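# Reading the structure
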Amino acid sequence: MIQSNDEHQKGVAKIAASFAKRFELPSWGYALGLLHDKGKERAAFQQYIRKVNGLSTDDKKHYNDHAHAFVGGILAKDFMGKDVLNLLANQIISHHTGLYDYVEAENILQEKPLPEEIDKDNINIDIPLLYKEFLESPFSKFKVDRKHFHHLSRMLFSCLVDADRLDTEQFMNLESWQKRKCSSTVVDLLPKLEAHLQKLQLDAVDTEVNRIRRKVQEQCSKTSLGEKGFYSLTVPTGGGKTLSSLLWAMKHAANHAMNRIIIAIPYTSIIVQTAGLLKKIFGEENVLEHHSNFNPDDIKNEEVREKAKLATENWDYPIIVTTNVQLFESMFSNRPSDCRKLHNIVNSVIILDEVQTLPTDFLQPIVDAMKAYQKMFGVSILFTTASQPVLSGLIEGANPKVGFKGIEHIMEIIPTEFALHDKLRRVKLEIDNTGKTYDEIAAKVSEYDKVLCIVNTRKDAKELYNRLPDEGVKIHLSRMMCPAHISETICKIKALLKDEAHPIVRVIATQLVEAGVDIDFPVVFRQEAGLDSVLQAAGRCNREGKNRIGHTFVFSLSAEKRILFGSMAAANNARLNLPTDSDWFAPSTMEKYFQQLYFRKDTFDKKDMKHYLYKLDELCFETASKEFRLIDDDGMNVIVNWENSMGLVENLKKSGCTYSLMKQLAKFTVGVHRSNFSQLIKYGAVEEILEGIYVLADRAQYDNAIGLKLENHWMEEILMI
């Protein structure tokens, strides 16, 4: 059975139009579909495709080039002029390769003539309707700032890419296509959440904390009826923020007929915890995890497993749990695989959990992106944290040129008079800025039986762990351990804290436990850091209010010459510049802290996205995509010998790379700085089994307690988590 090019183009046009209709540009989606494969009518392409499929051809002419995408781009420009370069033409010429920078796009459209055999007279595109739609679209109607235009370009690209893939899949692999689309809607799932919350309330003991949690939920229900826009939920640790924010989001979505809930979280350790809770409430078939540590093959139900694999391509699911990196890097990507999902963000609710972790070096493009998605694509965004950053009004930096306009208005769900920071105050914070040694801090930590100590670097974690006495249970937790090891260790800590047979449990950890990990110690130590980090650490202390008061101690290791640097130094200095008698838990103090932090910033746009994307006629999609990386990847990944990882490595050697295998191996990977990696290579500890894939097979090099072992002379450079 053969699908004609005309059938394919019309099929893509129909699907793309349905996607673009969500932001009131259906005819533009339709035009993209009708034109995107027009170049396949070229004699050169017809000869190529027939040969590839084993079909005979009467055309004896030899063609050096069978490219097809440029043809639709030329037609779009001929029909509507150069103004549609980044509304139609670029999307069409790049639908296989990725959106081009403007110079490259213009060159592609100019260097080749329209092939003679292309019929341009029978293309059913209503040009006056295109202009009319654009003038009535949110972009024009709401007078959206022209600097946000690149998001509209990328959204139209998303519509075309997903429509093209889906129409092809429907013809080539109908069985796979039929597995797509989750049948449940947010409205269908809301009763499951309400039933879960009702059961929790019935089973809960009547305590002050549980009464506050109910009050927070009631306030979330009440405010969910508000208009689409920006909202914040500022609730101290233990106030039931996760479920309350979900209740607000689902009711808000139901009230406004919104399509899905997208929960973006900064750390994979929290994602696993949150996704597990949501799957328990809504069923595994209704919650999509999309992050580096999740492998869909781990899902036991075959039908759910296949649906999840497909859904990671375009996010067509009612509830999605992902990372900040996945969400925001997709919004700035030029690649078809990343952009494909973007149109399914339209008319959705986004929950940004632990919003204080947004990287300040990228704050301007991130805030601008959120403003654009809210205004143009009908998105509502909820910021949740115990440490709300300043994101509204004028964001001021070290000099006037650095500042930018934040979000115009953010509606705080919890009224000031609730005073939750007082009612949920279960921790006394003691700060000692005088420099201490490792021995002094280890001795102080050892005075307590159940205690968590959070430090800034892997080196500090290892040094303190080695100095703890060998009594009871002592645990090390850092990114020198692979993700599988970390997950096991966190589960072990939770179990030990509930087990009265183990009275001594001392944990030394890096910041990976700081935000959102559900552990509860009566005493917490935190190495000096920004106020947001200090309060997140305090959130692991007396979390459930089992003690009348918990204690969190802030300390300095400057006596060991462990001097902070970079963004960590700026954050710590911002805290040190606040009055020593500040109420550290008050939202007003947090606001002053972030203002202090921002005043130390030379830029909120480190990679100069303004230059690449804010000039309407000079959009550089490809360059911006390469530059917009929220995590500086200055390291190398090494597969370590833990559990069944070496068996997987043998499979890799035999069968080569597969998506499933690489996902499984990601759980056994540790990232190291290039300098340390070079030393490992030099000493013959690491083997490159396939190009770019490195394995450290020696089990003695991976310690059960601390993970990957590096000799001290390999550890001169501080490794941050």
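Data block above holds the structure.
To keep things clear, this report deals only with the structure shown in the data block. None of the values given here were measured: they were computed from a predicted structure.

As a further point, take the packing of aromatic side chains. Describing an aromatic ring pair means giving the distance of the ring centres and the angle of the ring planes. A complete count under the given rule lists 19 aromatic pairs for this structure. Between the aromatic rings of Tyr373 and Phe377, the centroid separation amounts to 5.1 Å while the plane-to-plane angle is 70°, which identifies the pairing as edge-to-face. Of this pair, Tyr373 and Phe377 both sit in helix α18 (residues 363–377), four residues apart, which is roughly one turn of the helix. Members of the aromatic cluster, connected to one another through ring pairs, are Phe404, Tyr593, Phe594, Tyr598 and Phe604. For Lys341, the ring lying beneath its charged end belongs to Trp315, and the centroid distance is 5.4 Å.

Turning next to the sheet that holds strand β19 (residues 693–696). Taken in spatial order, the four strands make up an open sheet running β17-β16-β19-β18, and their pairing is mixed. For this open sheet the edge positions go to β17 (669–673) and β18 (687–690), each flanked by a neighbour on one side alone. Geometrically, the sheet is characterised by an average inter-axis angle of 45° between neighbouring strands, direction not taken into account. Alignment of strand β16 (residues 635–640) against β17, held across five bridges, turns out to be antiparallel. Note that in β17 the partner of Asn637 across the bridge is Gly671. Where helix α30 (residues 674–682) meets the sheet, its contacts fall on β16, β17 and β19, and the angle it forms with β17 comes to roughly 105°.

Moving on: unusual backbone geometry. The phi dihedral of Lys143 is positive, around 50°, even though this residue is not glycine. Tracing the backbone shows Lys143 in the loop between α8 (138–141) and α9 (149–172). Residue classification places Lys143 among the exposed positions, given a relative accessible area of 71%.

The subject of this paragraph is the sheet that holds strand β2 (residues 261–265). Pairing is parallel across the open sheet formed by seven strands, whose spatial order is β3-β4-β2-β5-β6-β1-β9. Each edge of the sheet is formed by a strand with only one pairing partner; in this case those strands are β3 (287–290) and β9 (411–412). Pairing of β2 with strand β4 (residues 319–323) involves five bridges; the strand directions are parallel. Note on β4: the bridge partner recorded for Ile262 is Ile320. The strands that helix α16 (residues 324–331) touches are β2, β3, β4 and β5 (349–353); relative to β4, the one it contacts most, it runs at about 90°.

A word on the state of the cysteines. Applying the stated rule across the entire model yields zero disulfides. Looking at the unpaired Cys339, the closest cysteine sulfur is the one in Cys159, lying at 11 Å. Given the relative accessible area of 0%, Cys339 is considered buried. Cys620 carries a free sulfur, and the closest cysteine sulfur to it, the one in Cys339, is 15 Å from it. Here Cys620 falls in the buried class, since its relative accessible area comes to 13%.

Further remarks concern helix α1 (residues 5–20). The terminal C-alpha atoms of α1 lie 22 Å apart, and with 16 residues this matches the ideal 22 Å at 1.5 Å per residue to within 8%. If you check which residues of α1 are buried, you get Asn5, His8, Gln9, Gly11, Val12, Ala13, Ile15, Ala16, Ala17, Phe19 and Ala20.

Our next topic: helix α25 (residues 587–599). A rise of 1.5 Å per residue sets the reference length of α25, with its 13 residues, at 18 Å; its end C-alpha atoms lie 19 Å apart and thus fit the reference within 8%. Taken as a whole, α25 has its buried residues at Thr589, Met590, Tyr593, Phe594, Gln596, Leu597 and Tyr598. On its buried face, α25 is in contact with α18, β7 (394–395), α23 (531–538) and α24 (566–576).

Side chains carrying opposite charge are able to pair once their charged atoms draw close together. One pass over the structure, following the stated rule, counts 43 salt bridges. In this structure, Arg340 and Asp162 form a salt bridge, with 2.5 Å as the shortest nitrogen-oxygen distance. Taken together, the residues span a long stretch of sequence, with Arg340 in the loop between α17 (336–339) and β5 and Asp162 in helix α9 at a distance of 178 residues. On the basis of relative accessible area, Arg340 is assigned to the buried category, the value being 9%. Among the ionic pairs, Asp449 bridges to Arg506, the shortest N-O distance being 3.8 Å. With Asp449 in the loop between α20 (438–445) and β11 (450–454) and Arg506 in strand β13 (residues 505–509), the pair connects residues that are 57 residues apart, well separated along the chain. By relative accessible area, which is 40% here, Asp449 ends up partly exposed. Look at Arg506 and you get buried, because its relative accessible area is 2%. Three or more residues joined by partner-sharing salt bridges are found here, namely Asp162, Glu169, Arg180, Glu313 and Arg340.

Conventions used here
- Residues numbered from 1 in each chain as written.
- Predicted model: local features only at pLDDT ≥ 70, side-chain atom pairs only at ≥ 80, totals over all residues.
- Heavy atoms only, no water.
- Phe/Tyr/Trp six-rings, centres within 6.5 Å; stacked < 30°, edge-to-face > 60°.
- Helix = DSSP H or I, 4+ residues; strand = E, 2+ residues; numbered from the N terminus.
- Lys NZ or Arg CZ within 6 Å of the ring centre and 35° of its normal.
- Pairing = 2+ DSSP bridges.
- Axes fitted to C-alpha atoms, helices over the stretch in contact; angles between N-to-C directions.
- Contact = heavy atoms within 4.5 Å.
- Buried < 20%, exposed > 50% of the residue type's maximum accessible area, 1.4 Å probe, protein only.
- Disulfide = S-S within 2.5 Å.
- Expected span 1.5 Å × (residues − 1).
- Salt bridge = Lys/Arg side-chain N within 4 Å of Asp/Glu carboxyl O.

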